[in-house]
Structures are given as C-alpha cells and as structure tokens.
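Residues per chain, in single letters:
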Amino acid sequence: MSDANGWNDQITALFLQQMDIAVPSIHTDLFDAGILDSLAFVDLLARLEEQFGIRVSIDDLELENFRSVAKIASFAASKSKNGFKVAI
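What counts, and where the lines are drawn
- Residues numbered from 1 in each chain as written.
- Predicted model: local features only at pLDDT ≥ 70, side-chain atom pairs only at ≥ 80, totals over all residues.
- Heavy atoms only, no water.
- Helix = DSSP H or I, 4+ residues; strand = E, 2+ residues; numbered from the N terminus.
- pLDDT = per-residue confidence, 0-100.
- Contact = heavy atoms within 4.5 Å.
- Expected span 1.5 Å × (residues − 1).
- Buried < 20%, exposed > 50% of the residue type's maximum accessible area, 1.4 Å probe, protein only.
- Arc of directions from axis to C-beta.
- Polar contact = N/O pair within 3.5 Å; in protein donor to acceptor, adjacent residues only side chain to side chain.

### Re unusual backbone geometry
Thinking step 1. Backbone geometry at Asp 20 places phi at a positive 55°, although glycine is not the residue there.
Thinking step 2. Following the sequence through the fold, Asp 20 ends up in the loop between α1 (3-19) and α2 (38-52).

### Comments concerning the confidence of the model for the protein
Thinking step 1. Mean pLDDT over the protein stands at 88; residues scoring 70 or higher make up 89%.
Thinking step 2. Here residues 84-88 is modelled with pLDDT under 50, and outside its nearest four sequence neighbours on either side it reaches 17 contacts, counting other chains as well.

### Re α2
Thinking step 1. With 15 residues, α2 should cover 21 Å at 1.5 Å per step; its first-to-last C-alpha distance of 21 Å lies within 8% of that length.
Thinking step 2. Along α2, the residues classified as buried are Ala 40, Phe 41, Leu 44, Leu 45, Leu 48, Gln 51 and Phe 52. Along the long axis of α2, the arc covered by the buried residues comes to 150°, so they all point the same way. Looking at α2, the residues exposed on the side facing more than 90 degrees away from the buried face are Ser 38, Leu 39, Val 42 and Glu 50.
Thinking step 3. Buried-residue contacts for α2 involve α1 and α3 (69-79).
Thinking step 4. N-capping of α2 is provided by Asp 37, with a side-chain oxygen placed 3.2 Å from the backbone N of Leu 39.

Rendered as structure tokens:
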C-alpha cells in the first residue's frame, strides 16, 4: 500500500470510526455534500491533531485543504513529521 493510499484509508477510517460519518468517496466534496459543517470541521481538526500528531495552524485553515478525504490525506501527509503511521 502506498503512503497516499494509507493516508486516504486512515482519514476514511477516522471519519467512520471516530466521527460516525461514512464518506462515499475520497473525492466527495465534504462541504458541498453537507458532510462537514462548522462543528464537524472543528471536530475533524481536533481529531487530526490527536490521531496523527499534526498541528493545524491558523495559516493552514484553507478550506481547500479539507474539501475531500483525498485533500485531507494530502494535507496530513505534508504536515506529518514521521510520515505515514497507523494511528486508528
């Protein structure tokens, strides 16, 4: 499994197991589909920090980074200091 697939799988699992949200595709626009609202977004940020040990700064709060599982996975991979790790 490649790192990209690993991150996609882990972010998908985070949504399903930690937030009880089934995302239909890694490319689904989470905001347009109504999957993420402001409260779920804040919850997601906290869980990303907790599960993957990454820090999300105010400068990182560009919605494009969080529009889909694939974009979140790419963002998380870029912020991770230790590369992919199984956290869930």
